[in-house]
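# Per-entry structural report
In case you want the letters, here they are:
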Amino acid sequence: SQQGEEDPQALSIQEGENATMNCSYKTSINNLQWYRQNSGRGLVHLILIRSNEREKHSGRLRVTLDTSKKSSSLLITASRAADTASYFCATDEDNRGSTLGRLYFGRGTQLTVWP
Amino acid sequence: DAGVIQSPRHEVTEMGQEVTLRCKPISGHNSLFWYRQTMMRGLELLIYFNNNVPIDDSGMPEDRFSAKMPNASFSTLKIQPSEPRDSAVYFCASSLGEGGKAFFGQGTRLTVV
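A brief look at the structure comes next. Bear in mind that the values here come from a model prediction, so they are computed numbers and not experimental data.

### Re the overall build of chain A
Helix and strand counts for chain A stand at zero helices and 13 strands. Relative to the 2.2 N^0.38 estimate, which gives 13 Å for 115 residues, the radius of gyration of chain A is 14 Å and therefore close to what a compact globule would have. The principal-axis extent of the C-alpha atoms belonging to chain A is close to 45 × 30 × 20 Å. Counting across all 115 residues of chain A, residues that qualify as buried make up 45%. For chain A, the share of sequence-separated contacts (at least 6 apart) that also reach a separation of at least 24 residues comes to 58%. Of the roughly 5500 Å² that chain A leaves accessible, carbon and sulfur atoms contribute 44%. Of note, chain A has its 14 positive side-chain charges centred 4 Å away from the centre of its 12 negative side-chain charges.

Set out below in structure tokens:
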């Protein structure tokens, strides 16, 4: 089944530093999404990038997508302790031009930001 | 809108018992997903409904699991009989349109002893 895989599995940085997480996937997609999960909570949508887009920004978040390499990256600039969470990428599946609607998640990157 | 509502938040049950998890999606959303999250397997897609119709249940682990969506505002995931290896956090999510932004509930933490 189609799934994104995040890298690294865990990332530990100091407040103020930038955090970069990567996601690789296997087949064609219509869009790729990034989600955040705080411990014990549900996932929260952060940003969606379509397959015809290369870069997208939202506040301190910057997402890139390289469909030729089947990879995406999430950059969090000027990180804060409150950014500590697990971050997941999610992909749909492009089946001959139409999405099948399924949304697959990777195993996530655990980000810890130390004050 | 209150978001996706799941109940119960926590469930502890004995092996062999029937467990029913409930989900109320966001009003107007036409896609609903059930996921299971464990440390070992991550976030697994169990079943996906579109317009109340099950589109893909290939992720349902075995016949002990069943899911229904009798109307646009309610879905259930049932496990009968439950086993200790079913212990996990079960999430329901809904979205508007296929492949769109998904909204997650707070999850049900199931413990089967």
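More follows now that the structure is in view.
### Focus on the overall build of chain B
On a plain count of helices and strands, chain B comes out with zero helices and eleven strands. When the elements of chain B are put in sequence order from the N terminus, they spell out β-β-β-β-β-β-β-β-β-β-β. In terms of C-alpha radius of gyration, chain B reaches 13 Å, essentially the compact-globule figure of 13 Å for 113 residues. Taken over the C-alpha atoms alone, chain B extends approximately 35 × 25 × 25 Å along its principal axes.

### As for the pattern of salt bridges
All names here are of chain B. Counted according to the given criterion, the structure contains twelve salt bridges over all chains. With a shortest N-O distance of 3.9 Å, E18 and K78 are connected by a salt bridge. Taken as a pair, E18 in the loop between β2 (10-13) and β3 (19-24) and K78 in strand β8 (residues 74-79) lie far apart in primary sequence, 60 residues in all. Taking relative accessible area as the criterion, E18 reaches 45% and is therefore assigned partly exposed. The partner of E83 in a salt bridge is R64, and the shortest N-O contact between them spans 3.5 Å.

### Here's the deal with the sheet that holds strand β6 (residues 55-58) of chain A
Residues and elements named next belong to chain A. As summarised here, the arrangement of the five strands in space is β1-β3-β8-β7-β6, forming an open sheet in which the pairing is antiparallel. Of all the strands in the sheet, the pair left with one neighbour each is β1 (5-7) and β6. In this sheet, adjacent strand axes meet at a mean angle of 20 degrees when their direction is disregarded. Strand direction decides the pairing type here: β1 and strand β3 (residues 19-24), joined by three bridges, are antiparallel. Its bridge partner being in β3, E5 is matched across the sheet by S24.

### Description of the nonpolar core
Core analysis: the largest hydrophobic core is formed by 21 residues, its most contacted members being B:L32, B:W34, B:F49, B:M60, B:L77 and B:Y90. For B:F49, the contacting residues outside a window of four places in its chain are B:N30, B:S31, B:L32, B:W34, B:P54, B:I55, B:A67, B:K68, B:M69 and B:S75. By size, the runner-up hydrophobic cluster in this structure holds 20 residues, among which are A:L32, A:V63, A:A85 and A:V113.

### Details of the interface of chain A and chain B
Contacts between chain A and chain B engage 21 residues on the former and 22 residues on the latter. Carbon and sulfur atoms supply 50% of the area that chain A and chain B bury against each other, a total of about 1700 Å² over both sides. Sorting the residues of chain A by area buried against chain B places A:L43, A:L103 and A:R107 first, and these three jointly supply 27% of that buried surface. The tally of links between chain A and chain B comes to zero salt bridges. Where chain A packs against chain B, one counts eight residue pairs in polar contact (both at pLDDT 80 or more). Within the residue set of the side of chain A that touches chain B, elements represented by two or more residues are β4 (31-37), β5 (43-50) and β12 (104-105) of chain A. Here the side of chain A that touches chain B gets four residues from one element, more than from any other, and that element is β4(A). Of the residues contributing to the side of chain A that touches chain B, the split by class is eight nonpolar, nine polar and four charged.

### Observations concerning the packing of aromatic side chains
This model, assessed by the stated rule, comprises eight aromatic pairs over all chains. Judged by centre distance (5.3 Å) and plane angle (85 degrees), the rings of A:F105 and B:Y35 are edge-to-face. Taken as a pair, A:F105 in strand β12 and B:Y35 in strand β4 (residues 31-38) lie in two separate chains rather than in one. Exposure remark for A:F105: the relative accessible area of 1% places this residue in the buried category. On the basis of relative accessible area, B:Y35 is assigned to the buried category, the value being 1%. The rings of A:Y35, A:F105, B:F33, B:Y35, B:Y48, B:F91 and B:F104 are connected pair by pair, giving a single aromatic cluster.

About the criteria used
- Residues numbered from 1 in each chain as written.
- Chains lettered and ligands numbered in written order.
- Predicted model: local features only at pLDDT ≥ 70, side-chain atom pairs only at ≥ 80, totals over all residues.
- Heavy atoms only, no water.
- Helix = DSSP H or I, 4+ residues; strand = E, 2+ residues; numbered from the N terminus.
- Rg over C-alpha atoms; globule rule 2.2 N^0.38 Å.
- Buried < 20%, exposed > 50% of the residue type's maximum accessible area, 1.4 Å probe, protein only.
- Contact = heavy atoms within 4.5 Å.
- Areas by Shrake-Rupley, 256 points an atom, 1.4 Å probe, with all protein chains shown as cover.
- Lys, Arg positive; Asp, Glu negative; His and termini not counted.
- Charge placed at Lys NZ, Arg CZ, Asp CG, Glu CD.
- Salt bridge = Lys/Arg side-chain N within 4 Å of Asp/Glu carboxyl O.
- Pairing = 2+ DSSP bridges.
- Axes fitted to C-alpha atoms, helices over the stretch in contact; angles between N-to-C directions.
- Core = buried A, V, L, I, M, F, W, Y, C linked by side-chain atoms within 4.5 Å.
- Buried area = accessible area lost by both parts, 1.4 Å probe.
- Polar contact = N/O pair within 3.5 Å; in protein donor to acceptor, adjacent residues only side chain to side chain.
- Nonpolar A, V, L, I, M, F, W, Y, C, P; charged D, E, K, R; others polar.
- Phe/Tyr/Trp six-rings, centres within 6.5 Å; stacked < 30°, edge-to-face > 60°.

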